[in-house]
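Analysis of the macromolecular model
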Amino acid sequence: MKFRFWMIIAVVAVSGFTQGMLIPLVAIIFEQDGVSSSVNGLHAAAMYAGMLVAAPFMEGLLRKFGYRRVMIAGGFADVACLALFAVWKSLLFWLVLRIVIGIGNNMLHFASQTWLTAFSPEDKRGRNIALYGLSFGLGFGIGPVMTRLAGVAEPLPFLLASFMSLLVWSGLFFLKNDYPEEVVEKTSFIHTFHRFGRVWKYGWVALLFPFGYGFLESSLNGSFPVYALRLGLDVSALSIILPAFAIGSIVFQLPLGMLSDRFIRRNVLMTVTAAGVAVFMLAGWLEESKTALFVCFFIAGMLVGSIFSLGLSYMVDLLPKTLLPAGNIMCSILFSIGSIFGPFVGGTVIQYGQGFSFFYTISIMLLLLFTALFFSGKQASAFKPSS
């Protein structure tokens, strides 16, 4: 079980690394090629569109083929597409590659999240999911550093990421395959949507946080590089500022997960979301200072860099085990929708919102999350261990 846990953690870290590299790298390449910010943002959303399209089919695939096989298939899709980025540079071809990477990422993350939540004991669930989020955040934080290699040779970061992914994901072949807990209901496409309705009924407020994190992550990595370049920041500054958010989330991911195991998860989520609103407002006021942006990104990462894993833990608290696969699909769907909206809204604000800071859009989104959680009341008591 320990090997399985740490293998999942390693795979997710590499997945975070490739995403953290790919989103800002392509955004910077397109900005330097003269592609408009709105088109750039829509292009960045393609990966999440792939995740969204694939999501309804994931439960059936998981129950038929098991966790390990689905993860291997997703990993292979990512490795192949990353290498193909270096073969031919085309707006349309790269769009297709991003969609396929989105499908692969969905398979990888849905299978790994569901597997992890299924075998984690209740008193360590928050810790394990926090480590899962921490590993993704660590990889995601290192990823943008690879943008510098594009100055040496544009295909180089794509090829290196593909090779590193292949090395780590080959370890999945050493895991024993496992399957989700059996359910009484059928696993047809229609019955999957029926379970989605039950998941939304019991856990809707927790599902908003994967949406919020998707919006936050994709807009910061897909739209902020464009906004920063237009503010006058250079690529080297971006390669330092962007990882600050991921580093901040790494620092507090595990402590927040452990706090949420001990205290009421809803209250922890409300606290970090409210504080995140204030930090991004401050970033908007101080956006012309590299140092201020670095500090704001770091603090924001500490606060809201964990809302996906906290929201996932909160969802697991609210649902019976038989609904966990459907719940994880819903998390993936909401994350994908948020990730599609993030670059689109960010790119539109950059292009048309003269005088309106890009960071205010993130503050507004976090404020909406806080409001929904506040008015949800104690819709379902968050898990609190008795010991």
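About the thresholds
Residues numbered from 1 in each chain as written. Predicted model: local features only at pLDDT ≥ 70, side-chain atom pairs only at ≥ 80, totals over all residues. Heavy atoms only, no water. Helix = DSSP H or I, 4+ residues; strand = E, 2+ residues; numbered from the N terminus. Buried < 20%, exposed > 50% of the residue type's maximum accessible area, 1.4 Å probe, protein only. Contact = heavy atoms within 4.5 Å. Areas by Shrake-Rupley, 256 points an atom, 1.4 Å probe, with all protein chains shown as cover. Patch = residues over 30% accessible without salt bridge, like charges linked within 9 Å, V, L, I, M, F, W, Y side chains within 5 Å. Salt bridge = Lys/Arg side-chain N within 4 Å of Asp/Glu carboxyl O. Core = buried A, V, L, I, M, F, W, Y, C linked by side-chain atoms within 4.5 Å. Arc of directions from axis to C-beta. Phe/Tyr/Trp six-rings, centres within 6.5 Å; stacked < 30°, edge-to-face > 60°. pLDDT = per-residue confidence, 0-100. Axes fitted to C-alpha atoms, helices over the stretch in contact; angles between N-to-C directions. Parallel < 35°, antiparallel > 145°, perpendicular 65-115°, else oblique. Nonpolar A, V, L, I, M, F, W, Y, C, P; charged D, E, K, R; others polar.

1. Section: the overall build of the chain
Helices and strands together make up the secondary structure of the chain, namely 16 helices and zero strands. Counting only residues that meet the buried cut, the chain has 60% of its 387 residues in that class. Put simply, of all contacts in the chain between residues at least 6 apart along the chain, 87% involve residues at least 24 apart. Element-wise, carbon and sulfur atoms account for 71% of the exposed surface of the chain, whose accessible area totals about 15,200 Å².

2. Some thoughts on a nonpolar patch on the surface
Together, I240, F294, V295 and I299 give the surface a local cluster of nonpolar side chains, amounting to about 310 Å² of exposed area. The leading source of residues in the nonpolar patch is helix α13 (residues 290-304), at three residues. With relative accessibility at 34%, the residue I299 sits in the partly exposed group.

3. Brief notes about the nonpolar core
Within soluble globular proteins, side chains that are nonpolar tend to cluster in buried spots. Judged by nonpolar contacts, the single largest core of 115 residues is most densely connected at F224, F280 and F297. With residues up to four places along the chain from it excluded, the contact list for F224 reads S219, L238, I241, L242, L293, F297, F358 and F359.

4. A look at helix α4 (residues 58-65)
Turning to α4, its buried residues number three or more, namely M58, E59, L62 and R63. The buried residues of α4 occupy an angular sector of 125° when the element is viewed end-on, so they sit on one face. Remark: G66 follows α4 within two positions and exhibits a positive phi of approximately 90°.

5. A closer look at the environment of F3
Tracing the sequence through the fold places F3 in helix α1 (residues 2-32). Taking the relative accessible area as the measure of exposure, F3 reaches 49% and is therefore partly exposed. When the C-alpha positions of F3 and A206 are compared, they lie 30 Å apart, and in sequence the two are 203 residues distant. The residues contacting F3, other than those within four sequence positions of it, are F174 and L175.

6. Focus: the environment of V268
Tracing the backbone shows V268 in helix α12 (residues 265-285). Judged by its relative accessible area of 13%, V268 is buried. Sequence separation between V268 and G355 is 87 residues, and the spatial gap between their C-alpha atoms is 34 Å. The residues touching V268, leaving out its near neighbours within four places in the chain, are L256, S260 and L310.

7. As for the packing of aromatic side chains
Inspection of the entire model under this criterion finds 21 aromatic pairs. Where F370 meets F374, the ring centres are 6.1 Å apart and the plane angle is 20°; that geometry is what we call stacked. Here F374 and F370 lie together in helix α16 (residues 358-375), a separation of four residues that amounts to about one turn. Since its relative accessible area comes to 43%, F374 is described here as partly exposed. A connected cluster of aromatic rings, assembled from ring pairs, spans F224, Y227, F280, F297, F358 and F359.

8. Regarding the side chain of S339
Position of S339 among the secondary structure elements: in helix α15 (residues 324-352). Beyond its immediate sequence surroundings of up to four residues, S339 is in contact with A45, Y48, G214, F215 and S218.

9. Description of the environment of G301
Within the fold, G301 resides in helix α13. Among the residues examined, G301 registers a relative accessible area of 0% and is labelled buried. Considering only alpha carbons, one finds G301 and P243, 58 residues apart in sequence, at a separation of 9.4 Å. When neighbours within four sequence positions are excluded, G301 is seen to be in contact with F245, G248, S249 and S306.

10. Let's talk about the pattern of salt bridges
Opposite charge on two side chains permits pairing when their charged atoms draw close. Counted under the stated rule, the structure contains five salt bridges. Connected through shared salt-bridge partners, D33, K89 and E154 make up one network.

11. Let's talk about the confidence of the model for the chain
On average, residues of the chain carry a pLDDT of 83, and 93% of them reach 70 or more. Scored below 50 in pLDDT, residues 379-387 makes 23 contacts in the model with residues more than four places away or belonging to other chains.

12. Quick word on the packing of α4 against helix α5 (residues 67-85)
Relative placement of two packed helices is described by the angle separating their axes and the distance separating the axes. Across the interface, α4 lies against α5 with an axial gap of 7 Å and an inter-helix angle of 120°. One element, α4, and the other, α5, form an angle in the oblique class. Along the contact surface, α4 presents L61, L62 and F65, while α5 presents Y67, R69 and V70. In the contact of α4 with α5, the residues fall into five nonpolar, no polar and one charged.

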